[in-house]
Every structure is written in structure tokens, then in C-alpha cells.
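Here is how the chains run, residue by residue.
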Amino acid sequence: MPSSLTTALPGLESRPGRPPVLELEPGTDTMSWPAQQRDALRAAVAEHGAVLVRGLGLRDADDVAAVLRQLATGPAADKEAFALRETYSDGVYSSTAWPSNQPMCMHHELSYTQEFPGLMMFACLTAPTEGGATAVADSAAVLDDLPPALTERFEREGWLLTRSYNDEIGASVAEAFGTEDRAAVENYCRANAIEFAWQPDGGLRTRQLRSAVVRHPVTGMRCWFNQIAFLNEWTTAPEVREYLIDEYGADGLPFNTRYGNGDPLTEDTVQLINAVYDTHTSRQPWLAGDLLLVDNIRTAHSREPFEGPRDVVVAMADPVRLGDCSPTVQAAVR
């Protein structure tokens with residue numbers, strides 16, 4: 001049986017393996033409800049890390065933008081994207097273009113940037129016929145369950161993201177940085193502690209060092225906050241990984257992650273991280289009109305494979321600076 005949760009939001013219920021769910025009563029004025037319940041909703045998200053609101057009847061990106069304005073302090077920009085999105089309005093985007101038969105493993109949105117969204121909103125406009133859940137995992141619990149030797153190394157060294165931009169896979173330079181002007185791209189990289197090198201074919205390779213463990217700027221909770229496993233070569237399907245290495249070389253993969261000192265991660269280590277995520281994963285199948293609110297620092301999210309049409313609009317809000325999260329390593333060009 002579902003059980004009520006102690007929270008500022010009466011009626012919020014939870015089942016094992018699922019995020020807390022609030023189902024609105026029939027007849028609720030769904031257009032004004034988010035503003036009326038803003039403080040309670042935000043308190044519930046702070047307490048539990050994620051909350052699914054069912055019954056809002058969201059129909060399009062404009063509805064999502066209206067909810068963002070009611071709940072958030074402001075939109076967050078999608079900078080340094082690794083895959084394509086369509087922009088609907090400030091802070092409101094389509095889901096990332098990603099093969100429907102491939103999972104998007106647990107990660108924190110834009111955790112490799114110097115400024116990232118503190119709040120994520122996922123709104124389901126069309127539910128898939130099978131699969132496709134946006135699952136969540138408590139990053140503090142994940143940190144506690146990972147081997148101390150591993151987390152201590154990442155706290156000490158940070159994690160390294162390497163990217164090779166091209167016009168064939170993932171976001172191009174222009175799509176990731178919002179410009180084709182080399183000088184503007186270089187200035188952005190310098191300002192955001194990103195090493196860069198232009199390749200003879202005109203492509204761009206970058207390296208950026210980031211903290212793997214941060215403290216939540218509001219609660220002070222220590223969180224495993226990164227994309228170490230998601231953007232690593234060993235999370236990629238074997239046939240895709242082999243193709244990418246054949247096509248671009250081991251050092252030219254569209255993205256890859258390493259220990260902060262540059263040492264490669266083993267397949268076993270990446271599988272271990274993903275296995276710990278799996279242990280703490282909660283999921284709720286989408287229904288059209290659902291809204292999932294996620295604290296992007298406290299809670300990782302994923303997208304599971306699916307069949308049929310799936311339209312989930314993503315809103316990014318409440319920008320947070322990495323420097324305000326007690327980073328354990330200094331982001332700097334080496």
C-alpha cells in the first residue's frame with residue numbers, strides 16, 4: 001500500500017522503487033496550482049530529491065514554460081551540450097536526441113560545466129507505448145555505497161572529460177557553444193577552464209577537469225555529482241564503441257571520461273558505478289501530462305529505452321555555480 005510522506009505537501013505518496021508521487025484531485029485548477037503550491041513543492045523536492053506531479057494535463061512546451069515561470073527563480077541555459085536539442089523558449093527544450101533503443105545512463109545535467117541547472121523539470125506530453133521512464137537515483141546514497149577508495153580518489157583528483165567535436169556525431173562546435181566563431185569559442189573555453197586544440201580537419205578537441213563530489217549549496221549534503229559513467233566509452237554499447245574507435249581512434253572519441261590525473265577507467269570500474277546507480281534507481285512509467293521535478297545536484301536521472309512515440313519536454317532552471325558547491329578540485333587549464 002502507498003504511504004504518505006512527512007512533507008510540506010499533503011497527499012504526496014511513495015511506493016518502493018518509485019519516486020514520490022502527488023496525484024491532483026479532479027477539478028484542480030492546474031494552471032494556477034503550481035504557483036499556489038510553489039513553496040510546498042520546492043520543499044518536497046528539497047526533502048526527497050524528486051517529485052512526480054500527476055494530473056497537471058500539460059499539453060505543450062508553452063504549458064511547461066508557464067510552470068517554469070511559476071516554480072523557478074529563472075531559466076538555465078543548455079551550454080556545452082553533448083547531443084542535439086530543440087529550443088522552445090528560455091530554459092525549455094526538447095529531450096536530447098538519443099537512439100530510442102539505447103539507454104541514457106544516470107547522470108546530472110551539465111555537471112561538467114561551471115554553471116548548471118539546480119532544478120530540472122521533465123514534462124511528458126506523449127507517453128511511449130513501452131519503457132522510456134525518466135528514472136532517478138539519490139546521489140548521496142550512491143556516494144555512500146561506492147567503494148571509499150574509489151570516491152576518495154575522485155575527491156582528490158576530480159574527473160576529466162575529453163571531447164572531440166565533429167559534424168557527424170553529437171553536438172557540433174556551433175551547437176555546443178552557440179557560435180562558429182573560433183575566437184568566441186576559445187574565449188569561452190578560457191573563461192570556463194577548458195583546454196582546447198583545433199585539429200587539422202577543423203575539428204575541436206577539449207579537456208576539462210571537474211569535481212566528482214560536491215556539497216549541495218542549500219543543504220550541505222555531500223553528493224556524487226558527475227557524468228563519469230554516462231560519458232565513458234565502457235557505457236557505450238560494444239558495437240557502437242568498436243565503430244567509434246575504428247572511425248575516430250581511441251583518442252578521438254566524441255566523449256570519454258578519465259580519472260583526474262588522466263588515467264583511464266577500467267570497464268569493471270564503470271560497471272561498478274552503474275551497478276550502484278541501479279541499486280538506488282526509482283522509476284515511474286510516464287503518463288501524458290505528468291511533471292517530474294528533480295533536484296539536479298541531489299538526484300541523478302536517466303532515460304530508459306522505449307518503443308513508440310515519446311515526447312518529453314525538458315526545462316532547466318535555477319542556475320548554480322560549481323564554485324558555490326565546495327568543489328574538491330580547482331577547475332583550471334593545465
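Summarised in this report is the structure supplied together with it.

About the cut-offs
- Residues numbered from 1 in each chain as written.
- Predicted model: local features only at pLDDT ≥ 70, side-chain atom pairs only at ≥ 80, totals over all residues.
- Heavy atoms only, no water.
- Salt bridge = Lys/Arg side-chain N within 4 Å of Asp/Glu carboxyl O.
- Buried < 20%, exposed > 50% of the residue type's maximum accessible area, 1.4 Å probe, protein only.
- Helix = DSSP H or I, 4+ residues; strand = E, 2+ residues; numbered from the N terminus.
- Pairing = 2+ DSSP bridges.
- Axes fitted to C-alpha atoms, helices over the stretch in contact; angles between N-to-C directions.
- Contact = heavy atoms within 4.5 Å.
- Phe/Tyr/Trp six-rings, centres within 6.5 Å; stacked < 30°, edge-to-face > 60°.
- Lys NZ or Arg CZ within 6 Å of the ring centre and 35° of its normal.
- Polar contact = N/O pair within 3.5 Å; in protein donor to acceptor, adjacent residues only side chain to side chain.
- 1 Å grid on protein atoms, 1.4 Å probe; cavity = no way out; pocket = protein on both sides within 12 Å on 5 of 7 lines; lining within 4 Å.
- Points joined across faces, edges and corners; volume = space filled by probe spheres on them.
- Nonpolar A, V, L, I, M, F, W, Y, C, P; charged D, E, K, R; others polar.

### Some words on the pattern of salt bridges
Should the charged atoms of two oppositely charged side chains come close, the side chains can pair.
Inference 1: All chains considered together, the criterion is met by 15 salt bridges.
Inference 2: Of the charged contacts in the structure, one is a salt bridge between arginine 59 and aspartate 63, with a shortest N-O distance of 3.2 Å.
Inference 3: With relative accessibility at 8%, the residue aspartate 63 sits in the buried group.
Inference 4: In this structure, arginine 283 engages glutamate 304 in a salt bridge whose closest nitrogen and oxygen atoms are separated by 2.6 Å. Of this pair, arginine 283 sits in the loop between β17 (281-282) and β18 (291-295) while glutamate 304 sits in the loop between β19 (299-303) and β20 (306-307); the two residues are 21 residues apart in sequence, bridging distant segments of the chain.
Inference 5: According to the relative accessible area criterion, arginine 283 is partly exposed, its value standing at 38%.
Inference 6: Shared partners join several salt bridges into a network, and the residues in it are Asp78, Arg85 and Glu109.

### A look at the sheet that holds strand β11 (residues 159-165)
Inference 1: Pairing is antiparallel across the open sheet formed by four strands, whose spatial order is β12-β13-β11-β16. Strand pairing shows two members of the sheet lacking a second neighbour, β12 (195-198) and β16 (255-259), which therefore form its edges. Strand-to-strand, the axes of this sheet are offset by a mean angle of 15°, without reference to chain direction.
Inference 2: Bridge count for β11 against strand β13 (residues 204-210) is seven bridges, and the pairing is antiparallel. Looking across to β13, one finds that leucine 160 is bridged to leucine 209.
Inference 3: Against the sheet, helix α5 (residues 148-157) engages β11, β13 and β16, with an angle of about 100° to β16.
Inference 4: Here helix α7 (residues 182-191) sits on the sheet and contacts β12 and β13; the angle it forms with β12, its principal contact strand, is near 155°.

### Things to note about the environment of leucine 146
Inference 1: Looking at where leucine 146 falls in the secondary structure, it is placed in the loop between α4 (139-145) and α5.
Inference 2: Between the C-alpha atom of leucine 146 and that of isoleucine 273, which follows or precedes it by 127 residues, the distance is 7.1 Å.
Inference 3: Other than its neighbours up to four places away in sequence, leucine 146 contacts Thr151, Trp224, Ile273 and Val276.

### Concerning the packing of aromatic side chains
Remark: the centre distance and the inter-plane angle together describe each pair of aromatic rings, the angle taken between the planes.
Inference 1: If you walk through the whole model with that rule in mind, you get nine aromatic pairs.
Inference 2: Aromatic pair phenylalanine 82 and phenylalanine 255: ring centres 5.9 Å apart, planes at 75°, arrangement edge-to-face. With a gap of 173 residues between them, phenylalanine 82 in the loop between α3 (61-71) and β5 (87-89) and phenylalanine 255 in strand β16 connect regions that are remote in the sequence. Neither phenylalanine 82 nor phenylalanine 255 differs from the other in exposure class; each is buried.
Inference 3: Centre to centre, the rings of phenylalanine 154 and tyrosine 259 are 4.9 Å apart; their planes meet at 25°, and the pair counts as stacked. One end of the pair, phenylalanine 154, is in helix α5; the other, tyrosine 259, is in strand β16, and 105 residues separate them in sequence.
Inference 4: Owing to a relative accessible area of 0%, phenylalanine 154 belongs among the buried residues under this scheme.
Inference 5: Taking the relative accessible area as the measure of exposure, tyrosine 259 reaches 9% and is therefore buried.
Inference 6: What links up through ring pairs into an aromatic cluster is the set Phe82, Trp98, Phe230 and Phe255.
Inference 7: Here the guanidinium or amino end of arginine 182 rests over the ring plane of tryptophan 198, the centre of that ring lying 4.2 Å away.
Inference 8: The cationic tip of arginine 310 hangs over the ring face of phenylalanine 306; the distance from NZ or CZ to the ring centre is 5.6 Å.

### Describing α3
Inference 1: Counting buried positions along α3 yields nine of 11 residues, so the element is predominantly enclosed.
Inference 2: Looking at α3, one finds that the buried residues are Ala61, Asp63, Val64, Ala65, Ala66, Val67, Leu68, Gln70 and Leu71.
Inference 3: Measuring from the side-chain oxygen of the N-cap residue of α3 to the backbone nitrogen of aspartate 62 gives 3.1 Å; that N-cap residue is aspartate 60.

### Some thoughts on the sheet that holds strand β10 (residues 136-138)
Inference 1: Strand order in the open sheet formed by four strands is β7-β19-β10-β17, with antiparallel pairing between adjacent strands. Since the sheet does not close on itself, it has two edges, and those belong to β7 (104-107) and β17, each with one partner.
Inference 2: Strand direction decides the pairing type here: β7 and β19, joined by two bridges, are antiparallel. Its bridge partner being in β19, histidine 107 is matched across the sheet by histidine 301.

### Comments concerning empty space enclosed by the protein
Inference 1: Inspection of the entire model under this criterion finds four cavities of 30 Å³ or more.
Inference 2: In this structure, the largest cavity spans a volume of roughly 140 Å³.
Inference 3: If you trace the largest cavity, you find 14 residues lining it, with Thr96, Met104, Phe122, Arg303 and Val314 closest to the centre.
Inference 4: Looking at the lining of the largest cavity, the elements with two or more residues in it are β7, β19 and β21 (311-321).
Inference 5: Here the lining of the largest cavity gets three residues from one element, more than from any other, and that element is β19.
Inference 6: Looking at the lining of the largest cavity, its residues break down into four nonpolar, six polar and four charged.
Inference 7: A volume near 50 Å³ is recorded for the second largest cavity.
Inference 8: Looking at the second largest cavity, the residues that line it are Phe82, Arg163, Ser164, Tyr165, Asn166, Ile169, Gly170, Ala171, Pro254 and Phe255.
Inference 9: At three residues, the largest contribution of residues to the lining of the second largest cavity is made by β11.
Inference 10: Its residues placed into classes, the lining of the second largest cavity shows six nonpolar, three polar and one charged.

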